[in-house]
Structures are given as structure tokens and as C-alpha cells.
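Fold and contact review
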Amino acid sequence: MSDIRFTDQHEWVRVDDDVATIGISDYAQEQLGDVVFVELPETGKTLSAGDEAAVVESVKAASEVYAPVSGEVVEVNGALEDEPAGVNEDAMGNGWFVKLKLSDASELDKLMDEAAYKEFCDGLD
Amino acid sequence: MSGMNKQGRPTSFAESGGGAERTTFTGNKGLELEEPLIFERDTKGACGVDLDEPEGYQPKIGKFERKNRIGLPGLSEPEVVRHFVRLSSKNYSIDAGLYPLGSCTMKHNPRLNEKMARLPGFGDVHPLQPEQTVQGAMELIDTLAHWLKTLTGLPAVAMSPKAGAHGELCGMMAIRAAIEAKGEGEQRRRVLVPESAHGTNPATAALLGYKVDTIKGDGNGRVDLEALREKLGPDVAAIMLTNPNTCGLFERDIIDIAKAVHEAGAYFYCDGANFNAIVGRVRPGDLGVDAMHINLHKTFSTPHGGGGPGAGPVVFSEALAPFVPLPYVVQKDGVYDLIETEDEAEADGTSPFGRMTAFHGQMGMFVRALAYMMSHGSDGLRQVAEDSVLNANYVLASLKDVMSASYEGPCMHEALFDDRFLKGTGVETLDFAKAMIDEGYHPMTMYFPLVVHGALLIEPTETESKQGIDLFIATLRDLVAATKSNDKERFSGAPHFAPRGRLDETAAARKPILRWQPEMPAQAAD
């Protein structure tokens, strides 16, 4: 498994070469419940870490998904717009939201690794 | 991610056990009558009135004459009457029973209000009538304005906003105008909103282009004064605070909050949705409030939502009074005049920020609200506040041994519980609320406020009798006992006795049927 990092806002980021794939964590999809709508950014858009990257909506609430790292949007998971349930089914895999071309790999160091994130979530309930 | 709602509300239809329903041949359940959409009742050629085809009729609009049916259904008069009577019988309203929707103040709408609103001099006037023909109606607006100012201790009021959130927008636009008049428009871009505020507050600030900054609670359901002080600065435009707040608690530090906000050069917007808890007892002007909307459909008993248009007049402090929007009523030598243009306003010494509505506001609601005030008098209004607080505390005290009250001590006009009492039962707040429907009650507000888990917010209002509240309390106690028994079916898939069982909200959002289509019979309504 490649190196995966998490934010305290429940986004995950996985890096292959200089492309970062971003999604929301399994904990987040669980808390949101059945996702009914996903809004994705335009490809080519440049995001700074902390910028709004996407919007995810469940029956309970609408939430913004923030970019954990900076970069240019090179691909979005358009399948989610037709089948938002994909987020619930496989949040950590096929339910990814966007792919960014990393502009500053050092930003990854500020994020949590899997063990730290698990501990973080355990502390939330 | 922002704003992630972790309140535990289940969203999966399948897990809720919903779906299965016992049916009859007609779809009727005893006196509970099934009713399709009016388009499904269509009988081609049927009509309420029989008129002969005119002979030798020549249309005068030539080629513009309509060639196709416009798609109106054909029904006879009794069919139309039955259709709407049957639909109305499916509606749960305050006229049908207790409606404990927290923060909504669903109280009785006195019939005296209705009688007054139907007087021809109020009911049959038109906003474009010459002013000299509607002097009485304008006097009524002015009189109501006077009492709203008196009850809030604030010197100015905008009568035109059409509802609470519209009033918020009006209040914040006046604040923005005042800030811009001081030349600080560029600098003050942040609005502070406590996490216990009404959801419309941050929405209003965002709509006006402000950055919303959340203030943490103190852990006891109130604003943390120190956290607020830290957030204040020269870039803050205003604070938007609800008092009493959505936890049903009075913000005890409100005077210190107002002082700190004013020292920072910002304005204090108070959401007056819960004014019914303090009317006649506390004047917001004395607390340092700069602007506050008053939901006439809450505190002053005019009908809510579908029952009639809302009305959200906004009262203003001295600092904001000059910016009150057009139009407004003035009186000189016993003659009432509507100030409608900027020129007229300039001559009157004000500088309105603009206009919220085409006309002067909801006349029918003004009549009802004034009828309510006049019939209660000052002692009666004081008792409204006292009884609303008493009733809510009676509910709180009668249920806190079996349900989990979120905060220590007494509440104001609404009692807040969370879902700790459901822990381990397999029943969620949502199931509990649905089971209340089977018992004939509109559920309380649930999963709001967000600051507690699985919230149940109950506002009985002052218009319920002790007998009525006792039955409600007994019902909730019985339901709580059932959550701990083997009778889980009472909750899973509930409501069982409503016209429809549990609806699949997720499917409705993912695959909405937005338009009726002829080739999709009956099940379209399901």
C-alpha cells in the first residue's frame, strides 16, 4: 500500500509520483451517512492547501472537502456525480474525488499518517 | 471538510426497516382517505360549469389563439372540493394538536386575530390605493411599530421584511450601511456567529459577502465570553447572537458581550426568533442590541409558513436608525404618510440603505399581531413569556429522569435533550421521532442544535394546557420505556399509522421525481 496521509478534517491523500489522489475517509463517509450529491472542481484549477476542492452532501448536511495539499487539478472522479453512493461504497478507493499535480511535496509532512489518524478518530467519539 | 454533521442521524432506508405496509383495495385506511394527484383525477371533458359552445365565435387575437389543451385536469365541483378537503385532512397543524417543534414557537393562532384581519377595512385594501383612503391601515402599521419599539426598547423599526431570515438580512444590511458610512466597509469583513446560533445567521452573513467566524461554546450551552473576546478585532463587522439561544438558554453574559462588541467598533445583531421567552420581561435595547428581527408568526401568534405569510419586522438602535429601509410610515398632525423615495427620506432626515420589498410588508400579519398585543395587554404579554418558560421547564423536569437533559439547571422556552438515553437501545433519535408520529404528535426539532449529539429540542409554548402537556409527557415516558423493552418494532420502520410509512430520503434525493408524468400512474405519488 502506498503512503497515505490524513487531515484533521477527514480528507485523505495518496501520492503516486507527483500526483496526489484525494478523497474523504471511511470515518467521514460513515458520519455523513448516505451521500446524495457530489460537486467536483474543473480540471486545470489551481488549489492551495486548505482551499475548497469539492462539496459532498448527504441527507443530513452539505460539507466542503478541502485540498490537503496544493496543486493543479488534473483529473476528477466524474462517476461520483452520477453515482454519489460510490463515496459510501469505497471511500478510500473508487470513491476518490480529485487528483492534483503536487506543487509542494513537503506539505505532506504536516499531515497525519494512518496510525495517527486512527488515534485522532478514536478520540472524537 | 467543513460543517460535517456528526449527529448520528441514520440515512440508510434499508437499515431503518421501513417499507412494508398493510394495504386495502381502495388504498383508504378507514377514515384516512387516499388521494391521488389532481392530474390523476382528470376526466376528459368534465368541468365544474357547463357552458354551451358559443355560436359564430370569431377570436379577435387571430393567429395567437391557443390550439392545444393547456393541460388542466377536468373535474366536477364536488371532486375538486373532495380533493382539497382530503389533502387538508392529511396536514398536521397547530389546530390539530400539540406541535412541539423547538425554536419554531408553534403556538395557537387566536381566532380573534382572524376576525380582525378579515375586517373589510384591513382585509380588502390594496397596496396601490391612494394613501388618504387607507389612513386606518397606516395608523395600524404605525401603532404596531410603536409597540414593537416599546417592547424592545429600541427607537426605530423596519416593518417590511417578510420573515425571520429576511429580517436578518435587513438588519445586517443596515449594519453594513452604517459601517460603510463610517468608511470602514473594506476593513470590516468578518461576522462572528456562535455555534449555538440559528442556522440562518451564518447564511445571512455569507449572503452579504462576510466571512463567517464561529465562536465556541462554553460547554454549558452558552457563548464563551473569552473565546469571543479573542475573536474580536478591527476587521469584525458584527456578531450575530440568538438569545435565548437554540439550547433554550439565556446568554447570561449578553451585556458584557455587547460591551466588548461595541468597544471593538462592531455591531450587535440579535436573532429575535425566541423573543417569546422574554417579551414583556426584558427589553433587548437595554442589553445593548443594535438590531433584532421579531418573528410576528412566533412571538405574536400570526400563522406560520403554509398557514400564511410570515412577517419579520426589525428594530434598530439609535446608531442604525438612520439606515432603516424604505418604505416606512410617518405621522404628522394626525395624517399618515408613507415615505417611499430617497428624496422623501432625505427630507425626513434619514438615509435608507434601500428597500427590502415592493410594498410596506404583510398587512394581514400586522393586524393579527396587533390584535394579539392589544388583547393580551402588558400584563398578558408578560405572562406569555412566563408561561412559555414554565411549560418548557415542566416538560424538562418531568422527563429528565428518563431522558438525558443536555445541560444542568432550568431552561427558557424550550427543553433540550440529547440521545444518551437511547444509547445501547438500537433506537435512534430519528426512530424515536417517527414513533411520536404514530402517537399523533408532530415530532420535536431533532438533530438541532448541532452542539449536542442526536438532539431532541422540545418547545411546548404557553398555549398548551397542563392536561395536554401531561399527556405528551406520559406519551414520551411510554416511548422511552418501549426503547428499553422488546417492542423495537414500534420504532423500526415507524411511522406505522401515518398515511405513508417511513420515506426513503436518500432515494428521494438521489433519484428525485420532480414532475408528474401521465404515463406514470399512482406510484408516482409514493
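Everything discussed here concerns the structure shown above.
Residues numbered from 1 in each chain as written. Chains lettered and ligands numbered in written order. Predicted model: local features only at pLDDT ≥ 70, side-chain atom pairs only at ≥ 80, totals over all residues.

Within chain A, the secondary structure is distributed over 4 helices and 9 strands. Counted from the first residue to the last, chain A has its helices and strands arranged as β-β-β-α-β-β-β-β-β-α-α-β-α. In summary, chain A has a C-alpha radius of gyration of 13 Å against a globular reference of 14 Å for 125 residues, a match within 12%. Considering only C-alpha atoms, chain A reaches an extent of 35 × 35 × 25 Å along its principal axes. Taking all 125 residues of chain A together, 42% fall into the buried category. A separation threshold of at least 6 residues defines the contact pool for chain A, and within that pool the share at least 24 residues apart is 64%. (Helix = DSSP H or I, 4+ residues; strand = E, 2+ residues; numbered from the N terminus. Rg over C-alpha atoms; globule rule 2.2 N^0.38 Å. Buried ≥ 20, exposed ≤ 12 C-beta atoms within 10 Å, placed from the backbone. Contact = placed C-beta atoms within 7 Å.)

In this section: the interface of chain B and chain A. Of the residues lining the interface, 15 residues belong to chain B; the matching set on chain A comes to 19 residues. Per-class residue counts for the side of chain B that touches chain A are 4 nonpolar, 7 polar and 4 charged. (Nonpolar A, V, L, I, M, F, W, Y, C, P; charged D, E, K, R; others polar.)

Okay, the sheet that holds strand 4 (residues 35-39) of chain A next. All names here are of chain A. Spatially, 4-6-7 is the arrangement adopted by the 3 strands of the open sheet, whose pairing is antiparallel. Where the open sheet ends on each side, the last strands, each with one partner, are strand 4 and strand 7 (62-66). The mean angle between the axes of side-by-side strands here comes to 25 degrees, regardless of whether they run parallel or antiparallel. (Pairing = 2+ DSSP bridges. Axes fitted to C-alpha atoms, helices over the stretch in contact; angles between N-to-C directions.)

Each packed pair of helices is defined by two parameters, the angle between the axes and the distance between the axes. Residue and element names in this part refer to chain B. Across the interface, helix 5 (residues 164-181) lies against helix 6 (residues 200-207) with an axial gap of 10 Å and an inter-helix angle of 45 degrees. Classified by the interaxial angle, the pair formed by helix 5 and helix 6 is oblique. Seen from above, helix 5 lies across helix 6 with right-handed handedness. Residues Gly164, Ala165, Glu168, Leu169 and Met172 of helix 5 pack against Thr200, Asn201, Thr204, Ala205 and Leu207 of helix 6. (Parallel < 35°, antiparallel > 145°, perpendicular 65-115°, else oblique. Left-handed = near helix turned anticlockwise from the far one by under 90°.)

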